[in-house]
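# Coordinate analysis (summary)
Here is how the chains run, residue by residue.
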Amino acid sequence: MCEMVPLKFQFLQLLIMFHFSYGAPRKLLLSVYYESNCPDSKSFILNQLQPAYYLLHEYVKLKFIPFGKSRSISYGDEGFECQHGSAECLGNMVQDCALDQLKKESDKKKLAYVACEMHSEAGSQGQFDCVEKSSLSSEQVEQCVTSGQGTILQLESEYFTSLLNLTFVPTVTIDGEFNQEIQDYAQVDLIGTLCSILTDSQPCAQYYNYLALNNLLNTQTRNIH
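This structure is a prediction, so every number in the text was calculated from the model and none was measured.

Attention shifts here to the packing of helix 3 (residues 86-101) against helix 6 (residues 138-147). It is at 9 Å that the axes of helix 3 and helix 6 come closest, and there the two elements cross at 125 degrees. Classified by the interaxial angle, the pair formed by helix 3 and helix 6 is oblique. Helix-helix and strand crossings are classified by hand; for helix 3 and helix 6 the assignment is right-handed. Listed contacts from helix 6 to Leu 90, Met 93, Val 94, Cys 97, Ala 98 and Gln 101 of helix 3 are Gln 140, Val 141, Cys 144 and Val 145. Looking at the contact of helix 3 with helix 6 residue by residue, the class counts come to eight nonpolar, two polar and no charged.

Following this line, the structure appears as structure tokens:
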């Protein structure tokens, strides 16, 4: 199976071998630093993260940090300034408040909520459709936003984001470590990036078998024509 790993990912296996102990691999912590109204964040979460988590949920743990290139003003006393305007600031805070309510829930439920927000941008419009769809209390989320708790949560997200000194949104880390090659490949093929680490997992074996079969069929089709 190893020979079927794309060459561009082989070096990643060496970088992250320490993630594995003897026996079954532990879950990788995949942290996603994003913005509520960012088109690249939306594309990544809907087109890369959702299918990757669907395939590899037994091997990956998720953490969401909705802040990106925003910044606090007077430590949040005067609000925040966000890359895509004030609506994004509201969306980031709504998501932080809802994710705080979801902290004891499954990653599957957290991802479903975030994906709903990224698709609809409901939170950034002051609407709680995705909150209610996730069986959360819209009143509690609204209170979080207006009471100052949301500001505290956003300041925490700002702190964690500042540790990365990120230049692109969305940014991902694995087990808290940033690697530029992983970041670049994750934007276009998150499944392949994670599978270059999780080479012994059954879902990744099936993934590479699919790629090999697809490549073979495409080659045969080209030869026929």
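With that out of the way, let us pick up the state of the cysteines. Applying the stated rule across the entire model yields four disulfides. What pairs with Cys 195 in a disulfide is Cys 204, and their sulfur atoms sit 2.1 Å apart. Disulfide Cys 195 to Cys 204: torsion about the S-S bond roughly -85 degrees, handedness left-handed. We classify Cys 195 as buried; its relative accessible area is 0%. Across the protein chain, the disulfide pattern expressed with sequentially numbered bonded cysteines is 1-2, 3-6, 4-5, 7-8.

Among the surface-exposed residues, Tyr 159, Phe 160 and Leu 163 lie close enough to one another that they form a single nonpolar patch of about 320 Å² accessible area. Relative to the helices and strands, Tyr 159 is located in helix 7 (residues 149-162). The class of Tyr 159 is partly exposed, set by a relative accessible area of 49%.

Within the secondary structure, Glu 88 sits in helix 3. Buried charged residue Glu 88 carries no salt bridge. Nearest counter-charge: Lys 69, at 10 Å. There is a polar contact of 3.4 Å between the side chain of Glu 88 and the backbone nitrogen of Gln 83. Sequence-distant contacts of Glu 88, defined by excluding residues within four places in its chain, comprise Glu 35, Ser 36, Asn 37, Cys 38, Cys 82 and Gln 83.

Here we come to the pairing of strand 5 (residues 171-174). Consecutive side chains of a regular strand alternate in pointing toward one face of the sheet and then the other. In strand 5, alternate side chains face the same way, and those of Thr 171 and Thr 173 on one face and Val 172 and Ile 174 on the other are all buried. Sheet topology places strand 1 (residues 28-34) next to strand 5; four bridges connect them, and they run antiparallel. Of the residues in strand 5, the one forming a bridge with Leu 30 is Ile 174.

Moving on, we come to a negative patch on the surface. There is a patch of like negative charges on the surface, built from Asp 129, Glu 132, Glu 139 and Glu 142. Listed by contribution, the elements that provide at least two residues to the negative patch are helix 5 (129-133) and helix 6. Considering the arrangement of structural elements, one finds Glu 139 in helix 6. Residue classification places Glu 139 among the exposed positions, given a relative accessible area of 57%.

Cut-offs applied
- Residues numbered from 1 in each chain as written.
- Predicted model: local features only at pLDDT ≥ 70, side-chain atom pairs only at ≥ 80, totals over all residues.
- Heavy atoms only, no water.
- Axes fitted to C-alpha atoms, helices over the stretch in contact; angles between N-to-C directions.
- Helix = DSSP H or I, 4+ residues; strand = E, 2+ residues; numbered from the N terminus.
- Parallel < 35°, antiparallel > 145°, perpendicular 65-115°, else oblique.
- Left-handed = near helix turned anticlockwise from the far one by under 90°.
- Contact = heavy atoms within 4.5 Å.
- Nonpolar A, V, L, I, M, F, W, Y, C, P; charged D, E, K, R; others polar.
- Disulfide = S-S within 2.5 Å.
- Buried < 20%, exposed > 50% of the residue type's maximum accessible area, 1.4 Å probe, protein only.
- Patch = residues over 30% accessible without salt bridge, like charges linked within 9 Å, V, L, I, M, F, W, Y side chains within 5 Å.
- Areas by Shrake-Rupley, 256 points an atom, 1.4 Å probe, with all protein chains shown as cover.
- Salt bridge = Lys/Arg side-chain N within 4 Å of Asp/Glu carboxyl O.
- Lys, Arg positive; Asp, Glu negative; His and termini not counted.
- Polar contact = N/O pair within 3.5 Å; in protein donor to acceptor, adjacent residues only side chain to side chain.
- Pairing = 2+ DSSP bridges.
- Charge placed at Lys NZ, Arg CZ, Asp CG, Glu CD.

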